[in-house]
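# Observations on the model geometry
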Amino acid sequence: MNLVTIWKVRYIVIVISFLLAACTGYAEIPEQEKYRSHKVQEGETIYSIAKKYNVSEAAIYRINPDARNGIGTHNILIIPASDSVAQDPIVTSFKKHKVRRKETLFSIAMKYDITVDDIKKYNKHLYASSLKKGEKLQIPVFEKPATTVVVTNENSTSNTGDSNYDTHVVAAKETKYGIARKYGITIPELEEMNPNMPGNLPIGTELNVPKTTVTETATIEEETFDFYEVQPKEGFYRLKVKLGLSQEEIIALNPYAKDGLKEGMILKIPKEVSESLAGDTNTINLENSITHIDKKRITVMLPFQLRKTNSDSLKLQEEVMKNNRLLRVSLDFYSGVLMAAEFAKDKGISTYIDVVDTEGSTQMVTSKIEDRNWEDMDAVIGPLLSKNVEKAAAMLKSKNIPVFSPLSNRNIKLTSNLFQTLPNDALLEDKMIQYLKDNLGERNIIIISDKGRVKQKQALMAAFPNAVTLSPREEGFLYVVDIEKVIDRTRENWVVLESADPVILSNVVGLLNGMPQETHKIRLFTTDKNDGYDFDDIHNTHLAKLGFTFPSVSKSYNYNDKNAFVVSYKNKHGVLPNRYAVRGFDLTYDILLRLAAEGNVYDASNDDYETEYVENKFRYSKKMFSGYNNQGFYILKYTEGLQFEEVK
């Protein structure tokens, strides 16, 4: 249907609505006449737009609540025909709804307790075209009409009315978890006291609560603490095993827990405990869960920097490729993305890939996002650089589009739509220490660290207070006699080496390797296998002999295993895939399968299960006030066959 036809249909709809109104004795402004859309132009403000349409700024803000956070060029605003029209309930946010088979506008409206006109108002194409299976609708979430929302008990009158309850007025940054914790109740109990409680808890909402409190505030220090909801049958012992916190430590943070724990109780726990909380996981194959086979739409944002290669000179292009590492990484990663789309096609999943050259520039990221229509996009992979992926996620947050940071495990600002796909160094360190604690037994543990690894040494000493420690001499290395003094010849010795200095690493690995295995049973560990281990003087045969064990975000594939992707890649490109190509495949294929399994990646990102592909695992954990972290990792051991094996 072309644009002219669409406008003809809209005109007919308007005429019919007026004819129907005339038959019933009144004329009402058709819904599509009450509102119009406006594309923000450069330099425009809410004030200038309000003046242009002769409405108040407040009227625009009521219908476009996200505009309070600022507007940008090409943003679309809904403009009321008049201030009186804008007195409809305030839209606080939007939900996404994917139309399923046999659904109608009426059934969808009933599901969300809104009207058909509410749906059409924010999905204007529905005035002229019918509902289609698979299309995504914006569903408005309305605030209660009063400035202060009063949630009353079923048997209460105005305000609370029930002498058994007090009133709590929701303040900034307060959540259901914090409010339930403050009054010593569970979330279900809070909901039972307030059956009409809105999900988003607007500031000013009045809630029925118990008359007594167990903490002074309903908020916590978000930078250092998280909330934890006690699960069925969990007592102090189970939480000790699960969280690593003793009964005394839990009570110190939550004094009201001294009388015991109960299901649903809200506890305050350290953020590092929350972030490293693994829980029980199952590895699943999402290829067996494909139910949504509609076309997936993915945007890939990579710094190809094509303008630098825009030359007719083949020699110049080769020079650019040779000297530009970022370009090579982008091309390798993208080759894996394309292979993932081909594999998904074999499973019945078609994919549309929109490729964006960010040029490595934040300004270019901003420009490209503003110039595109994101309405039907399922996910964004990239950009590569941390600052750019943060910018992209922030700009796409209001559209609820998930953004995946593909290659960086640096700490980034996680917005609610941002997925950090590589486990960070802190998680790997914690998991390695936990592995040592779980498996040390009666072995002798020796910690060797230099001045640059003070934090890691402190963490290890806290976990192993009886460990023997060694530090390099002033010359910057150790002698055989230094290690001989701490070696126990009656039992196995686990040596944890913490350094990024290739000289120290080479020195220690050489000394340990030279000791006779008949009398010196030694195994080498580290919490951080950094680039220093790639130093020429550190031989893989030495590391293999020592059973070198370390945490990793990925493992290396073995070509002899004849993995389908590796074989297909070599057949197509004539070379084996490097780690960037494998990463591009694993990440993209996982995203496409999650979309095919659940319809959107948010519903498919449950930390109760884990997926694994050629070299990478994915198990996303949602942080309460931000985005998603990948908790999938490996503990790898170097074998004498110069291969890596995963240890449990």
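Before reading on, note that the structure itself is shown above.
Attention here is on the structure that accompanies the text. (Residues numbered from 1 in each chain as written. Predicted model: local features only at pLDDT ≥ 70, side-chain atom pairs only at ≥ 80, totals over all residues. Heavy atoms only, no water.)

Here 7 strands make up an open sheet; going across it, the order is 11-10-12-13-14-23-22 and the pairing mixed. In this open sheet, the two edge strands, each paired with only one partner strand, are strand 11 (351–357) and strand 22 (620–622). Averaged over all neighbouring strand pairs, the angle between strand axes comes to 25°, with direction disregarded. Pairing analysis gives 3 bridges linking strand 10 (residues 296–302) to strand 12 (residues 379–381), with the strands arranged parallel. Residue Val300 lies in a different strand from strand 12, and its bridge partner there is Ile381. Seen against the sheet, helix 16 (residues 386–396) touches strand 12, strand 13 (403–405) and strand 14 (418–420) and runs at an angle of roughly 170° to strand 13. The strands that helix 23 (residues 579–598) touches are strand 10, strand 11, strand 12, strand 13 and strand 22; relative to strand 10, the one it contacts most, it runs at about 155°. (Pairing = 2+ DSSP bridges. Helix = DSSP H or I, 4+ residues; strand = E, 2+ residues; numbered from the N terminus. Axes fitted to C-alpha atoms, helices over the stretch in contact; angles between N-to-C directions. Contact = heavy atoms within 4.5 Å.)

Counting 43 residues, the largest nonpolar core has Ile298, Phe404, Phe565, Phe585, Leu587, Tyr589 and Ile591 as the members making the most contacts within it. Elements represented by at least two residues in this core include exactly strand 10, helix 14 (325–346), strand 12, helix 22 (564–573) and helix 23. At 12 residues, the largest contribution of residues to this core is made by helix 23. Those residues in contact with Ile591 that sit more than four places away from it in its chain are Ile298, Ala379, Ile381, Phe404 and Val601. In terms of nonpolar packing, the next biggest core, distinct from the first, is built from 28 residues, Val486, Ile504, Ile522 and Phe550 among them. (Core = buried A, V, L, I, M, F, W, Y, C linked by side-chain atoms within 4.5 Å. Buried < 20%, exposed > 50% of the residue type's maximum accessible area, 1.4 Å probe, protein only.)

A full pass over the atoms with the stated rule returns 22 aromatic pairs. Plain terms: the ring middles of Phe565 and Phe585 are 4.2 Å apart, the flat faces sit at 20° to each other, and that makes the pair stacked. Highlighted residues: Phe565 in helix 22 and Phe585 in helix 23, separated in sequence by 20 residues. Relative accessible area serves as the criterion here: at 3%, Phe585 is assigned to the buried category. With centroids separated by 5.9 Å and ring planes inclined at 70°, the aromatic side chains of Tyr589 and Tyr613 adopt a geometry described as edge-to-face. Of the two residues, Tyr589 is situated in helix 23 and Tyr613 in the loop between strand 20 (609–612) and strand 21 (617–618); the sequence distance between them amounts to 24 residues. Each member of the aromatic cluster is reached from another via a ring pair, and the members are Phe343, Phe404, Phe419, Phe565, Tyr569, Phe585, Tyr589, Tyr602, Tyr613, Phe618, Tyr620 and Tyr628. Across the ring face of Phe225, the terminal group of Lys268 is positioned such that the distance to the ring centre comes to 4.5 Å. (Phe/Tyr/Trp six-rings, centres within 6.5 Å; stacked < 30°, edge-to-face > 60°. Lys NZ or Arg CZ within 6 Å of the ring centre and 35° of its normal.)

This part is about the pattern of salt bridges. According to the stated counting rule, one finds 21 salt bridges in the structure shown. In this structure, Arg491 engages Asp488 in a salt bridge whose closest nitrogen and oxygen atoms are separated by 2.7 Å. Taken together, the shared-partner salt bridges connect Lys98, Asp294 and Lys296 into one network. (Salt bridge = Lys/Arg side-chain N within 4 Å of Asp/Glu carboxyl O.)

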